[in-house]
Amino acid sequence: VDAPRRVWGVHQIAAGLRFRIGPCHLVVIRGEDSWQVAVRYEEDVLDPTVSAPVAIHDLPDEPGFEVVRYGVANGTKALTLEPALPDRPVVARPEHDVCLLPRTRGDFYVGVVLWARVSAGDGLLTEVPLQRPPLTWFGPSTMAGEICYASPTALRTKVSDMRPLPHRAVVPISIDNRGAESVWLHRLRIPAPNLMLYSGQHGRLWTERVTLVRERGSTGDISEVRIAKGPPSELGDDVLVAGEARIEPGNELAAMLGSIFR
Amino acid sequence: MKGIPMQLPNLGDPATWPSVITSVAMIRALALLIVGWLLARVAGAAIHGLLVRTSQVSYATLARRIASTLVFGIAVATALQELGFDLTLFVGAAGLLTVALGFASQTSASNVISGLFLLTEGSIAVGDLIKLGNTLGHVVAIDLLSVRIRTRENLIVRIPNESLVKGEITNLTRLAIRRALIPLRIPYKEDLRRARQVLLDAADGYEKALRDPEPFVMVQGFSEGRRRRRALGLAPLRRFPRDEDRDAHPREGSARPCHGRDDPTPGRAARGRARREADRSPTRGLISDPRTPCAASRCRPSSS
């Protein structure tokens, strides 16, 4: 079993467990009526280290840990660690501006930061970002728009250009320009809370393919956003569902994402 | 058939009745006042509950007060009538009183009208962080005559509405993001391009400084003195909380604790202190401490 897959799932916790997922050190200490969750980050955000949980008895005596105590009523010993996508949309930029000519289609890949959802039995304790996510603004002006997370990677045309990191998931994106005019891609808003997570080979996490379509005759913005059902074809057959979507995609999705390009 | 003669109680001369009637009337008037007060409370709460969902809290509060006052005023008038007061006299006197009060309370009237303008304009609302002159604080109440502000020192400052309408109000929390200007001093001997890059790297390594709109560095001016300096401003656009004055209002020269008097290099101790302060912040997570561009991990010394 690959290392990332050893991290995610249900663990039996006696006194405490320590995890390392990329730059994030995560420590969970189980008490009689309360659990403590401590987090510390390494400076190197590209750190690919991932290790199986290590049993510990007390909080580590290292500087930099942020500790929060949670009251837990049931005396459970089951610690569940699940990957999750960001709770806000993610904005990604291409390395250079991209122009899609009429009647062409472009495939891209972008990395998004993962969260670790920490639960004691059935009770969710907290969600911890595995890398401190930088914030950005997405909107027509600084007065209208929303705060999003900035993608840690640029839009890539090949997935092999992206380092496989345990604290990031890959979002495959297709842009289908069926219109008669070129589409310029400067920034892209990815609806991360609407996506699911799938575990591929070597434990790398992927989401469904997001397809942005500009219909024939349209000269304006993207007219349709489609989220494919099921894992992307790049994952092959060895696929596990690793995390549910925060928001179920519905009819309002297209309207919500109507102005996805800026 | 003869009936039995019934003896009626002798109630005496009606002229002796008023004391009894007065007592009954007083009880009635008191009952009217109590009922009126209760009705005023109920009407106020109902209107507040109705408006608070659709409009600002300040509108709802004002409407509640007007409704309560109106209902209770009617109750008082009815109670007075019950006690035998002739209200027509009051109406006549009210005209004169209005004229007299109008002259005597020009300032109050001005404040009332200004308050209505403020509410209509919607430039401030309860909870906003505003700056008026040298006063900075959260709006805790918008009344007919004044606006009350809670300052960082936890003082309540009452500002007449007229001053607010006449003066320049800066609302620091109306928009979701704002640009934080962080003035820094760079000695002349330093390479300006390198200093600029150090500052941009610092903003880049600070996850709460928004990536877009991009931070920028500009030369604000050149200062005279024994040690001449260049001044730089690093300005990441960032989100700030409504309830953290400290975060929302980076003070002039707030980055100085990170630097020596003439040296723009963030010292190790100062950097650590700034990071610890940022880490202790209750808004840690989404909200940053704007004083600490040098708390960023990639802040490198600009001079060796």
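Below you will find a few notes about this structure. (Residues numbered from 1 in each chain as written. Chains lettered and ligands numbered in written order. Predicted model: local features only at pLDDT ≥ 70, side-chain atom pairs only at ≥ 80, totals over all residues. Heavy atoms only, no water.)

When helices and strands are tallied, chain B shows 8 helices and 10 strands. Looking at chain B as a whole, 37% of its 304 residues qualify as buried. Taking all contacts inside chain B whose residues are at least 6 apart in sequence as the whole, residues at least 24 apart take part in 65%. Of the roughly 18,500 Å² of accessible surface on chain B, 60% is carried by carbon and sulfur atoms. (Helix = DSSP H or I, 4+ residues; strand = E, 2+ residues; numbered from the N terminus. Buried < 20%, exposed > 50% of the residue type's maximum accessible area, 1.4 Å probe, protein only. Contact = heavy atoms within 4.5 Å. Areas by Shrake-Rupley, 256 points an atom, 1.4 Å probe, with all protein chains shown as cover.)

A few words on the overall build of chain A. Helix and strand counts for chain A come out as 2 helices and 22 strands. The burial tally for chain A puts 55% of its 262 residues in the buried class. Summarising the internal contacts of chain A: among those between residues at least 6 apart in sequence, 76% fall at separations of at least 24. Of the roughly 11,800 Å² that chain A leaves accessible, carbon and sulfur atoms contribute 50%.

On to the environment of I227 of chain A. Take I227 of chain A: it is sitting in strand β21 (residues 224-227). Residue classification places I227 of chain A among the buried positions, given a relative accessible area of 17%.

All right, on to the sheet that holds strand β1 (residues 129-132) of chain B then. Adjacent strands of a sheet pair through backbone hydrogen bonds, lying either parallel or antiparallel. All names here are of chain B. Spatial strand order, β4-β3-β2-β1-β5: 5 strands in an open sheet with antiparallel pairing. Edge positions in the sheet fall to β4 (156-160) and β5 (169-171), since each has one partner strand and no second. Mean inter-strand twist for the sheet, computed between neighbouring axes without regard to direction, equals 40°. Relative to strand β3 (residues 146-151), strand β2 (residues 135-142) runs antiparallel, the two sharing 5 bridges. Along β3, the bridge assignment pairs H138 with R150. (Pairing = 2+ DSSP bridges. Axes fitted to C-alpha atoms, helices over the stretch in contact; angles between N-to-C directions.)

What follows concerns the pattern of salt bridges. Residue and element names in this part refer to chain A. Within the structure shown, the criterion is met by 21 salt bridges over all chains. Here E95 ties to R156 by a salt bridge, and the two come within 3.4 Å at their closest N and O atoms. Of this pair, E95 sits in the loop between β8 (90-92) and β9 (98-100) while R156 sits in the loop between β14 (146-150) and β15 (168-177), and the two are 61 residues apart along the sequence. According to the relative accessible area criterion, E95 is exposed, its value standing at 53%. (Salt bridge = Lys/Arg side-chain N within 4 Å of Asp/Glu carboxyl O.)

As a further point, take unusual backbone geometry. Following D212 of chain B, the chain continues into P213 of chain B via a peptide bond in cis, with omega recorded as 0°. Take P213 of chain B: it is sitting in the loop between α6 (192-204) and β8 (217-223).

Now for the nonpolar core. Core analysis: the largest hydrophobic core is formed by 58 residues, its most contacted members being L26 and I173 of chain A. Sequence-distant contacts of L26 of chain A, defined by excluding residues within four places in its chain, comprise L17, R18, F19, V37, A38, V39, L81, V118 and V128 of chain A. One finds L118, I142, V147 and I149 of chain B within the second-largest nonpolar core, a separate group that totals 12 residues. (Core = buried A, V, L, I, M, F, W, Y, C linked by side-chain atoms within 4.5 Å.)

Looking now at the pairing of strand β4 (residues 34-41) of chain A. Residues and elements named next belong to chain A. Of all 8 residues that make up β4, 8 are buried, and the element is covered over most of its length. Both strand β3 (residues 24-30) and β4 contribute to a ladder of 7 bridges, which runs antiparallel. Directly across from L26, in β4, lies its bridge partner V39. Connecting β3 to the next strand, β4, in antiparallel fashion are 3 residues. Relative to strand β6 (residues 66-71), β4 is paired through 6 bridges, and the arrangement is antiparallel. Directly across from V39, in β6, lies its bridge partner E66.

Moving on, we get to helix α4 (residues 106-121) of chain B. Residues and elements named next belong to chain B. Compared with the 22 Å implied by 1.5 Å per residue over 16 residues, the 22 Å span of α4 between its first and last C-alpha is a close match. Taken as a whole, α4 has its buried residues at N111, S114, G115, L118 and L119. With its buried residues spanning 135° around the axis, α4 presents them on a single face. Of the exposed residues in α4, those oriented more than 90 degrees away from the buried face are Q106, F117, T120 and E121. Of the surrounding secondary structure, the elements contacted by the buried residues of α4 are α2 (57-82), β2, β3, β4, α5 (161-166) and β5. A positive backbone phi angle near 70° is found at G122, which sits one or two residues after α4. (Expected span 1.5 Å × (residues − 1). Arc of directions from axis to C-beta.)

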